[in-house]
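Observations on chain architecture
Each chain, letter by letter, is given below.
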Amino acid sequence: MKRILITGGGGYVGSALVPHLINKGYHVTVLDWFLYKKNIFDQYSKDKFNKIVGDLRNLEDLKKSLSSVDAVIHLACISNDPSAELNPKLSIDINQNAFKLLLEESRKAKLKRFIFASSSSIYGISDSPQVYEDHPRVPVSLYNISKAWCEDLLYNEYKDIPFTIIRPATICGYAERLRLDLAVNLLTSHCIQNKKISIFGGDQYRPNLHIKDMVNLYSYFLEIEEEKVLHQVFNASYNNFTINEIAEEIINELKPKIGNILVENIKSNDPRSYRVNTDKLNSIGFKPKYTIKHASRDLLEAFNSGKVEESVTSPIYNNVLMMKSQNIS
Ligand SMILES: NC(=O)c1ccc[n+]([C@@H]2O[C@H](COP(=O)([O-])OP(=O)(O)OC[C@H]3O[C@@H](n4cnc5c(N)ncnc54)[C@H](O)[C@@H]3O)[C@@H](O)[C@H]2O)c1
């Protein structure tokens, strides 16, 4: 399995995954709008990398992307709650309708593997001490509803495709296309920039996964024997912390390096709270290694070494701001 298509590979996860897979000897094709970093991956020659600046909704772009690939990792989507709510019709078009189109074309491509990035936020609100993969999904936003819709579509209509579903926790840590709109990254950037953080609520559980573990997991899933993952769904998370505990981890890591950090608690109306269980993932031999502390340390290093080139409020680090600044219909 040598030739991989990553849809949405120009985004946060893709910006770490593409170099990782190329370094492992894969040939990688990326289909993406490339909104966030236009020149990303330009260092790679054609024998290693194929850049397709295009749209997931466009049949010709899909056909071009899928020609002679062995596997697909599907990341492209309007990828958080608030940016999906900005234009619900567009979000459904991309997150659901284009997904169906991708599956139709993937079926013809006779793939060896198709990995779908769902989300552990699909569980919504749950008081269960542990949420296993068969726990009822209670999607509480358009973004989550679309992820659930795609999962169902795979099982109901596309079982001839050798798919695997991953439900990652919220990802954290530095990557070339950085997102500062995700819990750990946002809190860390506020600590570094303002020496102050605001915590909305605090008791909600937010499982996290370091981006290096996310990337290792995708490549693990490309390489593992098919029978262990075929038509399976896997939670992927490092641990279950509340927002208050996440803040504490970050502060404990950064305080010795940057000094005191002020904490402000604010009431929140964001109800999402879930604790995911990862026994199933562990049972096939994958255990995440990196912590929230690693993520905030990496981010501090990135800020200190000038890798965070724009102002932290720039749309290139924030999906809602980027979608607002574009005229995509
Ligand atoms: N980041 C997280 O915390 C997290 C957690 C769980 C699941 N996921 C899932 O993992 C995947 C990757 O997340 P991410 O953080 O890298 O997101 P991201 O927003 O950084 O990347 C998504 C990419 O998809 C591209 N894209 C969107 N619509 C497109 C279209 N119509 N045509 C072409 N390109 C299009 C965007 O340009 C972007 O580069 C997403 O499916 C997301 O839902 C992410």
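Our structure's up above, just so we're on the same page.
So, here is what we can say about the structure in this document. These figures come from a predicted structure and were not determined experimentally.

Moving on: a nonpolar patch on the surface. A contiguous nonpolar patch, built from I125, V138 and V140 and spanning about 220 Å² of accessible area, is present on the exposed surface. Along the chain, V140 falls in the loop between strand 5 (113–117) and helix 5 (142–157). The class of V140 is partly exposed, set by a relative accessible area of 36%.

We now examine the nonpolar core. Among the nonpolar cores identified, the biggest contains 66 residues, and I6, L21, V28, I73, Y218 and F221 are the most heavily contacted of them. When residues in this core are grouped by element, the largest group, 7 residues, is from helix 7 (residues 211–223). If we skip the residues at most four places from it in the chain, I6 touches L17, V18, L21, V28, T29, V30, L31, I73 and L75. Ranked by size, the runner-up nonpolar core spans 30 residues in total, among them L31, L62, L153 and Y158.

Another aspect to go through is the pairing of strand 10 (residues 233–236). Both faces of strand 10 are covered, namely the face carrying V233 and N235 and the face carrying F234 and A236. Bridge count for strand 6 (residues 163–168) against strand 10 is 4 bridges, and the pairing is parallel. Paired with I165 across the two strands is V233, which belongs to strand 10.

Right, let's get into the packing of aromatic side chains. Given two aromatic rings, their pairing is described by the distance between the two centres and the angle made by the two planes. Applying the stated rule across the entire model yields 7 aromatic pairs. Geometrically, the ring pair formed by F99 and F116 is tilted, given 4.9 Å between the ring centres and 40° between the ring planes. You can see F99 sitting in helix 4 (residues 88–109) and its partner F116 sitting in strand 5, a full 17 residues away along the chain. Each of the two residues, F99 as well as F116, counts as buried.

The rules behind the values
- Residues numbered from 1 in each chain as written.
- Predicted model: local features only at pLDDT ≥ 70, side-chain atom pairs only at ≥ 80, totals over all residues.
- Heavy atoms only, no water.
- Patch = residues over 30% accessible without salt bridge, like charges linked within 9 Å, V, L, I, M, F, W, Y side chains within 5 Å.
- Areas by Shrake-Rupley, 256 points an atom, 1.4 Å probe, with all protein chains shown as cover.
- Salt bridge = Lys/Arg side-chain N within 4 Å of Asp/Glu carboxyl O.
- Helix = DSSP H or I, 4+ residues; strand = E, 2+ residues; numbered from the N terminus.
- Buried < 20%, exposed > 50% of the residue type's maximum accessible area, 1.4 Å probe, protein only.
- Core = buried A, V, L, I, M, F, W, Y, C linked by side-chain atoms within 4.5 Å.
- Contact = heavy atoms within 4.5 Å.
- Pairing = 2+ DSSP bridges.
- Phe/Tyr/Trp six-rings, centres within 6.5 Å; stacked < 30°, edge-to-face > 60°.

The quantities given are spatial measurements derived from coordinates; they are silent on function.
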